[in-house]
Amino acid sequence: MSRIVAFHGFMGVGSDFTPLSEGLGLSVYAPDLIGHGIFQSENPLDYTLEAQLSYWAQRLPDRCTLVGYSMGGRLALQFALRYPKRIERLILIGATPGLIDPKERAQRVLWDREQARLIRTWGVQRFYESWQEIPIIATQKTIETGIREVMIANRMTQSAEGLALSMEHFGTGVMPHCWGRLRNLVMPTLLMVGEVDLKYRGIAESMTDEIVVGTVDQAVISNAGHCAHLEGLEEAVEHLRNWLTVDVCRT
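Treat the numbers as computed from the prediction; the structure is a model and nothing was measured.

Enquirer: Would you explain the nonpolar core in this entry?
Expert: A general feature of soluble globular proteins is that nonpolar side chains tend to end up buried together. In terms of nonpolar packing, the biggest core is built from 53 residues, with Phe7, Phe10, Leu66, Leu77, Leu90 and Leu185 touching the most fellow members. Those residues in contact with Phe10 that lie beyond four places of it in its chain are His36, Met71, Ile119, Phe127, Trp131, Leu163, Ser166 and Met167. In terms of nonpolar packing, the next biggest core, distinct from the first, is built from 27 residues, Tyr69, Ile93, Ile143 and Cys227 among them.

Enquirer: So what exactly am I meant to see when it comes to the packing of aromatic side chains here?
Expert: Ring pairs (aromatic) are described by centroid distance and by the angle formed between their planes. Scanning the model with the defined rule gives eight aromatic pairs in all. Of note, Arg59 hangs over the ring of Tyr55, and the distance from its end group to the ring centre comes to 3.6 Å. Seen from the ring of Phe170, Arg74 lies directly overhead, with NZ or CZ sitting 5.4 Å from the centre.

Enquirer: Hey, could you run me through the side chain of Gln158 in this one?
Expert: If you trace the backbone, Gln158 turns up in the loop between α7 (145-156) and α8 (160-170). For Gln158, a relative accessible area of 7% puts it in the buried group. There is a polar contact of 3.0 Å between the side chain of Gln158 and the backbone oxygen of Gly12. There is a polar contact of 2.7 Å between the side chain of Gln158 and the backbone nitrogen of Gly37. Contact partners of Gln158, with chain neighbours within four places excluded, come to Met11, Gly12, Val13, Gly35, His36, Gly37, Val124 and Leu163.

Enquirer: What's the story with the sheet that holds strand β6 (residues 216-221) in this structure? I'm lost.
Expert: Backbone-to-backbone hydrogen bonds pair the strands of a sheet. The strands run either parallel or antiparallel. One open sheet holds the six strands; their spatial order is β2-β1-β3-β4-β5-β6, and the pairing between them is parallel. Looking at which strands have only one partner, the edges of the open sheet turn out to be β2 (28-29) and β6. Pairing geometry for strand β3 (residues 64-69) and strand β4 (residues 87-93), over six bridges, is parallel. Across the sheet, the residue bridging to Gly68 is Leu92, located in β4.

Enquirer: I'm lost on the packing of helix α2 (residues 49-57) against helix α3 (residues 71-82) in this one. Help?
Expert: Any two packed helices are characterised by how steeply their axes cross, that is the angle between the axes, and by the distance between the axes. The geometry of α2 relative to α3 is characterised by a closest axis approach of 10 Å and an angle of 70 degrees between their N-to-C directions. In terms of orientation, α2 and α3 fall into the roughly perpendicular class. The interaxial crossing formed by α2 with α3 has right-handed handedness. Contacts between α2 and α3 pair Leu49, Glu50, Gln52, Leu53, Trp56 and Ala57 from the former with Leu75, Gln78, Phe79 and Arg82 from the latter. Looking at the contact of α2 with α3 residue by residue, the class counts come to six nonpolar, two polar and two charged.

Enquirer: Is there a simple way to think about the packing of helix α5 (residues 124-131) against α7 in this case?
Expert: Between α5 and α7, the least distance of the axes is 9 Å, while the angle of their chain directions is 135 degrees. In terms of axis orientation, α5 runs oblique to α7. In contact with Val124, Gln125 and Tyr128 of α5, α7 contributes Arg148, Ile152, Arg155 and Met156. Residues belonging to the contact of α5 with α7 are distributed by class as follows: four nonpolar, one polar and two charged.

Cut-offs used in this document
Residues numbered from 1 in each chain as written. Predicted model: local features only at pLDDT ≥ 70, side-chain atom pairs only at ≥ 80, totals over all residues. Heavy atoms only, no water. Core = buried A, V, L, I, M, F, W, Y, C linked by side-chain atoms within 4.5 Å. Buried < 20%, exposed > 50% of the residue type's maximum accessible area, 1.4 Å probe, protein only. Contact = heavy atoms within 4.5 Å. Phe/Tyr/Trp six-rings, centres within 6.5 Å; stacked < 30°, edge-to-face > 60°. Lys NZ or Arg CZ within 6 Å of the ring centre and 35° of its normal. Helix = DSSP H or I, 4+ residues; strand = E, 2+ residues; numbered from the N terminus. Polar contact = N/O pair within 3.5 Å; in protein donor to acceptor, adjacent residues only side chain to side chain. Pairing = 2+ DSSP bridges. Axes fitted to C-alpha atoms, helices over the stretch in contact; angles between N-to-C directions. Parallel < 35°, antiparallel > 145°, perpendicular 65-115°, else oblique. Left-handed = near helix turned anticlockwise from the far one by under 90°. Nonpolar A, V, L, I, M, F, W, Y, C, P; charged D, E, K, R; others polar.

Written out as C-alpha cells, the structure is:
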C-alpha cells in the first residue's frame, strides 16, 4: 500500500490523526501545516495556496494516499488537481472545492479577516472557547474524552499570529474554487462526511455529481458532525479499512 499522508484542519496539528492511524494499524505521515504547531512563518506569502502547493510538491512522497480534513481537505484537493500523477488515492473529510459566487466569496473574506482580528485581540485560548461554540465545530464535544483533551491541549499551544495569517491568506474566501476541475480527478477518491453535517453532506453530493463515475465513493459516518473521522472514529476506521482494501483489489 502506498504511503499515507494526512493534512489536518484549522487550529489542528498533524498528531490529530494519531487515533485514526492507530485504529487503522497503519503508519500515517501527518505534518503540521503552515501557521500550525511547529510550522511557523511570519511571511504572509508563505500561506498562499500557490506557496503551499509548491512547498508540499517538494516534500510529499510520489504515489501517496493523500488524506485531508476540512482546511487540509481543501489543500489536498487542490494538490491532487495540480499534481494528479503524484496521488494514488484521495480521501477528503468534510472538504469543499470552494465558493463560486463572488458575493459569497467577498462575505467570507470579511468573515475570515474578522476571525483573524479576534485571534490577535483575544489570544488563542479565548478565541478557541468562542470557536468551539460554532455549530459545525460544537459537535466535536462528542469526541472520546481522552482524544479531545489532547486535541484541546495542542490548540492551546498554537501561535496566534500563525492562525491569524492562515485565516487571512488561506481561508475559504481567498482560495480559488475548483468546482469546474473536479472532472479532472483521475485517482480513486473517497468523500467522507458526518451524518449530521448537513452542509458538507450536500457539498459531497454535489462533488460526486461532478467527479467521473466509478472514480468516487462516499462514506457517511453515523451520528457524526464535521470532524467525522474522530467523532465517529470506529465507523470511520472501518470505512477507511474497507475502502482501501477494495481499492487495492480493483487496481
